[in-house]
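One letter stands for each residue in the lines below.
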Amino acid sequence: MSKLLIGDLVWIPANTVIKYLDGTLYTMGRTKQPTTGVVFGRQSESQCIEHVHILRFEERISVKATDVRKL
């Protein structure tokens, strides 16, 4: 899989664990339907786990980079 860059359009499959980014509160959830979004940031928790920040339907979410696919 190629590296995801800021501005890339991505596909988020159904039943993917997501973290909502609402200021300082973090809420976990799962997607019920496949959706698309635009990458606006990245964050590495360790050397092997990387999260991407995605703008989806006017909400900011964080998803593992391995769970999304570049369109």
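Scroll up a little and you will see the structure.
Residues numbered from 1 in each chain as written. Predicted model: local features only at pLDDT ≥ 70, side-chain atom pairs only at ≥ 80, totals over all residues. Heavy atoms only, no water.

Engineer: What is the right way to look at the environment of R60 in this model?
Structural biologist: Take R60: it is sitting in strand β6 (residues 59–64). Apart from the residues within four sequence positions on either side, R60 is in contact with K19, Y20, L21, F40, I54 and L55. (Helix = DSSP H or I, 4+ residues; strand = E, 2+ residues; numbered from the N terminus. Contact = heavy atoms within 4.5 Å.)

Engineer: Help me understand a nonpolar patch on the surface in this model?
Structural biologist: Together, L9, W11, V38, F40, L55 and L71 make up a nonpolar patch on the protein surface, roughly 530 Å² of accessible area in all. Position of F40 among the secondary structure elements: in strand β4 (residues 35–44). Exposure remark for F40: the relative accessible area of 33% places this residue in the partly exposed category. (Patch = residues over 30% accessible without salt bridge, like charges linked within 9 Å, V, L, I, M, F, W, Y side chains within 5 Å. Areas by Shrake-Rupley, 256 points an atom, 1.4 Å probe, with all protein chains shown as cover. Salt bridge = Lys/Arg side-chain N within 4 Å of Asp/Glu carboxyl O. Buried < 20%, exposed > 50% of the residue type's maximum accessible area, 1.4 Å probe, protein only.)

Engineer: I keep staring at the environment of T16 and nothing clicks. Help me out?
Structural biologist: Tracing the sequence through the fold places T16 in the loop between β1 (9–12) and β2 (17–22). With a relative accessible area of 6%, T16 lands in the buried category. Along the primary structure T16 and T31 are separated by 15 residues, whereas in three dimensions their C-alpha atoms are 5.4 Å apart. Residues within four places of T16 in sequence aside, it is in contact with G29, R30, T31, V63 and D67. Of note is the side chain of T16, whose polar atom sits 2.7 Å from the backbone oxygen of P13. (Polar contact = N/O pair within 3.5 Å; in protein donor to acceptor, adjacent residues only side chain to side chain.)

Engineer: Explain the nonpolar core to me, please; I cannot follow it from the model alone.
Structural biologist: For soluble globular proteins, the rule of thumb is that nonpolar side chains tend to be buried together. The biggest cluster of nonpolar side chains holds 11 residues, and these are L4, V10, I12, I18, V39, V52, I54, I61, V63, A65 and V68. Breaking this core down by element, the ones donating at least two residues are β1, β5 (50–56) and β6. (Core = buried A, V, L, I, M, F, W, Y, C linked by side-chain atoms within 4.5 Å.)

Engineer: Where do I start with the pattern of salt bridges in this structure?
Structural biologist: Between side chains of opposite charge, pairing is possible as soon as their charged atoms come close. Enumeration over the complete set of coordinates arrives at two salt bridges. In this structure, the salt-bridge partner of K70 is D8, at a minimum N-O distance of 3.6 Å. Taken together, the residues K70 in strand β7 (residues 69–70) and D8 in the segment before β1 connect sequence positions 62 residues apart. Of the residues examined, K70 reaches a relative accessible area of 40% and is grouped as partly exposed. The buried category is assigned to D8, whose relative accessible area is 13%. The partner of E59 in a salt bridge is R56, with the nearest N and O atoms 2.5 Å apart. Residue R56 is classed as buried on the basis of its relative accessible area, which comes to 8%.

Read these as geometric descriptors, not functional statements.
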